[in-house]
Amino acid sequence: MTYCVGMMLDAGLVLMSDTRTNSGVDNISTFRKLFHWEVPGERVVALMTSGNLATTQAVVSKIEERFKLPSERHNCVLEASTMFQMAGIVGKTLRETIAERDADVGPQAAGQFGATLILAGQIEGQEPRLFMIYPEGNFIEGTLDTPFFQIGETKYGRPIILRGYDRKMAFEDAVKLLMVSFDSTLKANLSVGMPLDLVVIGRDDLSIKYERRIEANDSWYRVISASWSDSLKAALDGLPDFPFHIARN
């Protein structure tokens, strides 16, 4: 399984993903699910992937044209005029890749090769934009009403983001919020696992502002995880007790 979050802020974009893929409790692997490309001063683009690993790896390879000789390659996301066009290109690539695999295997492959993507970035002179791209190739864009997208195992971390998100928050607070969301998901679901990949894109920076891989033994992560647990317990203790003494009607 997977957990990835892309978040829009007034300050820019924040993206975080886990790295676990598995085919059972005894077959666990780590693969990168957060990719980015940039032309400093002109554009910066990030892509997060969830779903069938062969499909998502093929989509990334097609975007980068890894199947061609180095001298013949051109990255399609670096040529689009707008982020909207870029989302269309990535969506078409995803749809075609799934169709190719379905055709190779036949009717019994239905649903096996699906994938969902989050695309984020900014092109010079345009606003930062965030998209979620579905297996069918269609997509939706982040707005003031929908300022973040999640893919994969979303249910455990979503309530935390809903309660804590503020579009005006600083990057430091946004990363803490995502870290708590991921920590709660990690505690609840073994199919999501460390390490975590983090990318921050500052508004109008047109390059990656910050990138980090957070390992399970990372001292900052361990403090966040322990402090969040202690804070939850303290908050629970501080709530008013249930009034058992009130007589039933």
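Residues numbered from 1 in each chain as written. Predicted model: local features only at pLDDT ≥ 70, side-chain atom pairs only at ≥ 80, totals over all residues. Heavy atoms only, no water.

Peer 1: I keep staring at the nonpolar core and nothing clicks. Help me out?
Peer 2: Counting residues in hydrophobic clusters, the biggest one holds 28 residues, and the most contacted among them are M7, L9, V14 and I161. Contributions of two or more residues to this core are made by β1 (3-9), β2 (12-17), α3 (158-164), α4 (171-188), β11 (196-202) and α5 (219-238). When neighbours within four sequence positions are excluded, L9 is seen to be in contact with V14, Y165, D166, R167, M169, A170, F171, A174 and R203. In terms of nonpolar packing, the next biggest core, distinct from the first, is built from 22 residues, V45, V60, M83 and L94 among them. (Core = buried A, V, L, I, M, F, W, Y, C linked by side-chain atoms within 4.5 Å. Buried < 20%, exposed > 50% of the residue type's maximum accessible area, 1.4 Å probe, protein only. Helix = DSSP H or I, 4+ residues; strand = E, 2+ residues; numbered from the N terminus. Contact = heavy atoms within 4.5 Å.)

Peer 1: So what exactly am I meant to see when it comes to the side chain of D18 here?
Peer 2: Within the secondary structure layout, D18 lies in the loop between β2 and β3 (20-22). The class of D18 is buried, set by a relative accessible area of 0%. Separated by 3.1 Å, the side chain of D18 and the backbone nitrogen of G193 make a polar contact. Not counting residues up to four positions away in its chain, the partners in contact with D18 are M1, T2, Y3, K33, F182, S191, V192, G193, P195 and L196. (Polar contact = N/O pair within 3.5 Å; in protein donor to acceptor, adjacent residues only side chain to side chain.)

Peer 1: Can you walk me through the sheet that holds strand β5 (residues 34-39) in this structure?
Peer 2: Strand pairing in a sheet relies on backbone hydrogen bonds, with the paired strands running either antiparallel or parallel. With antiparallel pairing, 5 strands are arranged side by side in an open sheet as β5-β6-β7-β8-β9. Across the chains shown, the open sheet's two edge strands, defined by having one partner strand only, are β5 and β9 (139-141). If you compare each strand with its neighbour and ignore which way they point, the axes differ by 15° on average. When strand β6 (residues 43-51) meets strand β7 (residues 115-123), the two strands line up antiparallel, connected through 9 bridges. Residue pairing in the sheet places S50 in a bridge with T116 of β7. Packing of helix α2 (residues 83-105) onto the sheet brings it into contact with β6, β7, β8 (129-133) and β9, and relative to β7 it is tilted by some 160°. (Pairing = 2+ DSSP bridges. Axes fitted to C-alpha atoms, helices over the stretch in contact; angles between N-to-C directions.)

Peer 1: What exactly am I supposed to notice about the side chain of S17 here?
Peer 2: Locating S17 in the fold gives a position in strand β2. If near-sequence neighbours (up to four positions away) are discounted, S17 is found in contact with Y3, C4, K33, L34, M48, F182, P195, L196 and D197.

Peer 1: What exactly am I supposed to notice about the pattern of salt bridges here?
Peer 2: Any two side chains of opposite charge can pair, given that their charged atoms come close. Under the counting rule described, the total for this entry stands at 14 salt bridges. Across the salt bridge formed by D183 and K187, the nearest N and O atoms sit 2.9 Å from each other. Pair noted here: D183 and K187 are both in helix α4, with a separation of 4 residues, about one helical turn. Ionic pairing is found between K209 and D205, a salt bridge with its closest N-O pair at 4.0 Å. With a relative accessible area of 35%, D205 lands in the partly exposed category. Here the salt bridges share partners, and the residues they tie into one network are D10, R167 and K168. (Salt bridge = Lys/Arg side-chain N within 4 Å of Asp/Glu carboxyl O.)

Peer 1: What is the right way to look at the packing of aromatic side chains in this model?
Peer 2: The geometry of an aromatic ring pair is captured by two quantities: the separation of the ring centres and the angle between the planes. What the rule picks out here adds up to 6 aromatic pairs. Between Y3 and F182, the ring centres sit 4.4 Å apart and the planes meet at 40°, which makes this aromatic pair tilted. Remark: F182 occurs in helix α4 and Y3 occurs in strand β1; sequence separation between them is 179 residues. Judged by its relative accessible area of 0%, F182 is buried. Seen from their ring centres, F131 and F139 are 5.6 Å apart, and the 85° between their planes marks the pair as edge-to-face. Through successive ring pairs, a cluster of aromatic residues spans F84, F131 and F139. (Phe/Tyr/Trp six-rings, centres within 6.5 Å; stacked < 30°, edge-to-face > 60°.)

Peer 1: How should I be thinking about the sheet that holds β11 in this particular structure?
Peer 2: Ordered in space as β10-β1-β2-β11-β12, the 5 strands form an open sheet in which the pairing is antiparallel. One side of each edge strand has no neighbouring strand; the edge strands of this open sheet are β10 (148-152) and β12 (210-214). Between one strand and the next, the sheet's axes are offset by a mean angle of 10°, whatever the strand orientation. Note: β1 against β2, 6 bridges, orientation antiparallel. Directly across from C4, in β2, lies its bridge partner S17. Together, β1, β2, β11 and β12 form the strand contacts of α4, whose direction differs from that of β1 by roughly 160°.

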